[in-house]
Amino acid sequence: MIQQRKDLSQTRRLVFKIGSSLLADPQYGINMTMIERIVRQVTALHQQNIEVCLVSSGSVALGRVALAKHDSTWLTRVLRVHEKQAAAAVGQPALMHAYHQVFSDCGFNVAQMLLTRDDLRHRRRYLNASNTAGTLFSAGVIPIVNENDTVVVEEIKFGDNDALAALVARVIEADLVVLATDVDGLYNGNPNNTPDALRISEVHTIDASIHNMATGAGSSFGTGGMKSKIHAADIATRAGIALAIVAGQSDHALLDLLKGNDLGTLFCCNDDRHTRRQHWIAELLQAKGGLYIDAGAATAIEKHGASLLPIGLHRVSGSFDKGECITVYNPENKPIAKGLSNYNSREMAMVCGLKSEHIESCLGYMDYTSVIHRDNLVLLRDMIAAV
Ligand code: GLU
């Protein structure tokens with residue numbers, strides 16, 4: 001586990017994510033210099049027995065450029081969801097063609113893996129993706145992942161490839177995620193207009209002060225971008241995987257990073273990790289409803305790792321089945337946990353506020369004394385959206 005920079009030399013497998021802005025130019029289309037830069041670094045790492053999976057954005061941006069050859073408004077207007085999906089369908093083969101061309105000149109095969117959040121939510125499909133990636137690595141192939149944009153709608157998207165990269169790292173059991181972007185790390189101010197803004201070299205805990213660096217007043221610079229990168233860092237480090245943000249324009253940032261050089265920002269792992277099951281509940285499952293609980297129950301689950309009992313409930317929202325994922329809200333209506341429900345929403349409403357020993361007389365059966373068992377309950381940190 002990478003807990004500090006010098007541990008980076010232990011990296012055996014990593015995810016390298018490249019953003020659209022580095023790969024696609026609205027005028028010229030694909031940036032081949034960037035592709036060559038990536039391929040050179042991946043080749044060098046292969047010689048050191050370090051396996052790399054690429055997560056590459058760029059399909060929508062490249063598709064827009066291609067479609068604009070017939071209708072220039074594809075570049076200028078705000079696209080609707082189905083238009084973005086069409087652009088992705090046009091751009092993805094162009095993107096893969098560029099990678100294929102340059103990697104094959106260096107003797108590598110590439111493989112395209114298009115994933116959706118739904119794929120990772122289902123155990124069997126998750127394992128299939130993981131096994132396929134494992135087989136590709138054994139065959140010396142470079143997997144290139146993107147979101148399967150043509151089949152997902154906005155609400156069920158990963159949203160951005162930063163989060164996808166962090167989740168893929170778990171699927172392929174990587175030690176490290178490297179996000180290549182157009183800035184060389186996280187700064188404590190806007191480096192464009194704050195000359196004394198400092199780059200944060202290492203982050204050991206993702207707390208409010210780190211979040212404020214991406215959202216604080218005056219940081220118009222890369223705001224959205226840094227926010228999603230910090231969220232990705234949270235997902236990755238919670239899974240015991242370190243994450244680095246580096247400048248993608250450099251010819252050797254990835255290589256220098258792995259040597260332990262002080263560049264970019266490294267989010268280190270600590271002992272505060274989610275198990276696989278908790279990771280699945282917190283990051284992949286979508287909540288179908290909510291439970292509003294009282295202060296005593298909130299303290300019991302937050303401070304004492306207890307299961308959630310019906311006596312602590314005062315309201316149920318949404319419609320869900322037994323076994324589905326639900327969000328738990330504290331008395332301030334703040335989401336504090338996600339978990340798998342032991343009862344469906346109708347039964348849950350009936351047992352609200354009851355002592356566990358009264359569940360049976362109320363429902364006519366009692367499978368569990370708790371409404372969410374502690375093993376199926378994950379506490380959310382402030383920044384994890386309770387989706
Ligand atoms: N999947 C999108 C694409 O290839 C990119 C999403 C992102 O930029 O994070 O265009």
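Residues numbered from 1 in each chain as written. Predicted model: local features only at pLDDT ≥ 70, side-chain atom pairs only at ≥ 80, totals over all residues. Heavy atoms only, no water.

**Notes on the overall build of the protein**
Counting its regular elements, the protein contains 15 helices and 15 strands. Over its C-alpha trace the protein gives a radius of gyration of 23 Å, about what one expects of a compact globule, namely 21 Å for 387 residues. Across its three principal directions, the C-alpha atoms of the protein cover 70 × 45 × 45 Å. Burial statistics for the protein: of 387 residues in total, 52% are counted as buried. (Helix = DSSP H or I, 4+ residues; strand = E, 2+ residues; numbered from the N terminus. Rg over C-alpha atoms; globule rule 2.2 N^0.38 Å. Buried < 20%, exposed > 50% of the residue type's maximum accessible area, 1.4 Å probe, protein only.)

**A few points about the environment of Lys-69**
One can find Lys-69 in the loop between helix H3 (59-67) and helix H4 (73-76). As a C-alpha pair, Lys-69 and Asn-212 span 143 residues in sequence and 41 Å in three-dimensional space.

**Points about the sheet that holds strand E12 (residues 313-318)**
One open sheet holds the five strands; their spatial order is E12-E11-E13-E14-E15, and the pairing between them is mixed. The open sheet is flanked by E12 and strand E15 (377-379), the only strands paired with a single partner. When strand polarity is set aside, the average angle formed by the axes of neighbouring strands in this sheet is 25°. Here strand E11 (residues 289-293) runs beside strand E13 (residues 325-329); their pairing, made up of four bridges, is parallel. In the strand pairing of E13, Tyr-292 is matched with Tyr-329. (Pairing = 2+ DSSP bridges. Axes fitted to C-alpha atoms, helices over the stretch in contact; angles between N-to-C directions.)

**A word on the site of the ligand**
Inspection of the region around the ligand gives Ser-20, Ser-57, Gly-58, Ser-59, Val-60, Asn-146, Asp-149, Asp-160 and Asn-161 as its neighbouring residues. At a separation of 3.5 Å, an oxygen atom of the ligand approaches a polar side-chain atom of Ser-57. At 3.1 Å, a backbone N or O of Gly-58 approaches an oxygen atom of the ligand. When the ligand is considered free in solution it has 300 Å² of accessible area, and contact with the protein chains removes 83% of it. (Near = heavy atom within 4 Å. Polar contact = N/O pair within 3.5 Å; in protein donor to acceptor, adjacent residues only side chain to side chain. Areas by Shrake-Rupley, 256 points an atom, 1.4 Å probe, with all protein chains shown as cover.)

**Points about unusual backbone geometry**
The phi dihedral of Asn-49 falls on the positive side, at around 60°, and the residue is not glycine. Relative to the elements of secondary structure, Asn-49 occurs in the loop between helix H2 (32-47) and strand E4 (51-56). Its relative accessible area of 60% is what places Asn-49 among the exposed residues. Even without a glycine there, the phi angle at Asn-333 is positive, about 65°. Within the secondary structure layout, Asn-333 lies in the loop between E13 and strand E14 (335-340).

**Focus on helix H8 (residues 161-171)**
Most of H8 sits out of view: eleven of its eleven residues are buried. Every buried residue belonging to H8 is among Asn-161, Asp-162, Ala-163, Leu-164, Ala-165, Ala-166, Leu-167, Val-168, Ala-169, Arg-170 and Val-171, and all of these are buried. Capping the start of H8, Asp-160 holds a side-chain oxygen 2.9 Å from the backbone nitrogen of Asp-162, two or three residues further along. Note on H8: the residue one or two positions beyond its end, Glu-173, has a positive phi of about 55°.

**Regarding the packing of aromatic side chains**
Centre distance and the angle of the planes are the two values used to describe a pair of aromatic rings. All chains considered together, the criterion is met by five aromatic pairs. Note on Tyr-292 and Tyr-329: the rings are 4.6 Å apart at their centroids and 10° apart in plane angle, and the pair reads as stacked. Note that Tyr-292 is positioned in strand E11 and Tyr-329 in strand E13, a separation of 37 residues in sequence. Judged by relative accessible area, Tyr-329 falls into the buried class, the value being 17%. Taken together, a centroid distance of 6.0 Å and an interplanar angle of 55° make the contact between Tyr-343 and Tyr-365 tilted. Here Tyr-343, found in the loop between E14 and helix H14 (345-351), pairs with Tyr-365, found in the loop between helix H15 (359-363) and E15; they are 22 residues apart in sequence, far enough to count as distant. In this structure Tyr-343 comes out as buried when scored by relative accessible area, which is 0%. Judged by its relative accessible area of 23%, Tyr-365 is partly exposed. Taken together, the aromatic side chains of Tyr-99, Phe-103 and Phe-108 make up a single cluster linked through ring pairs. (Phe/Tyr/Trp six-rings, centres within 6.5 Å; stacked < 30°, edge-to-face > 60°.)

**Digging into the confidence of the model for the protein**
Per-residue pLDDT for the protein averages 90, and the proportion of residues at 70 or more is 94%. Low confidence marks residues 216-224, where pLDDT is under 50. Its contacts with residues over four positions away, or in another chain, come to eleven contacts. (pLDDT = per-residue confidence, 0-100. Contact = heavy atoms within 4.5 Å.)

**Quick look at the nonpolar core**
In terms of nonpolar packing, the biggest core is built from 46 residues, with Val-15, Val-168, Ile-172, Val-177, Leu-243 and Phe-267 touching the most fellow members. Secondary-structure elements contributing two or more residues to this core are E4, strand E5 (110-115), helix H7 (123-138), H8, strand E7 (176-181), helix H9 (208-215), helix H10 (223-238) and strand E9 (242-247). Here the element with the most residues in this core is H8; it accounts for eight residues. Ile-2, Ala-24, Leu-54 and Ile-144 belong to the second-largest nonpolar core, a separate cluster that totals 44 residues. (Core = buried A, V, L, I, M, F, W, Y, C linked by side-chain atoms within 4.5 Å.)

**Examining the state of the cysteines**
The full count for this structure, using the stated rule, is zero disulfides. The closest cysteine sulfur to the non-disulfide-bonded Cys-53 is located on Cys-269, 18 Å from its own sulfur. A disulfide-free cysteine, Cys-325 has its sulfur positioned 18 Å from the sulfur of Cys-352, the nearest such atom. (Disulfide = S-S within 2.5 Å.)

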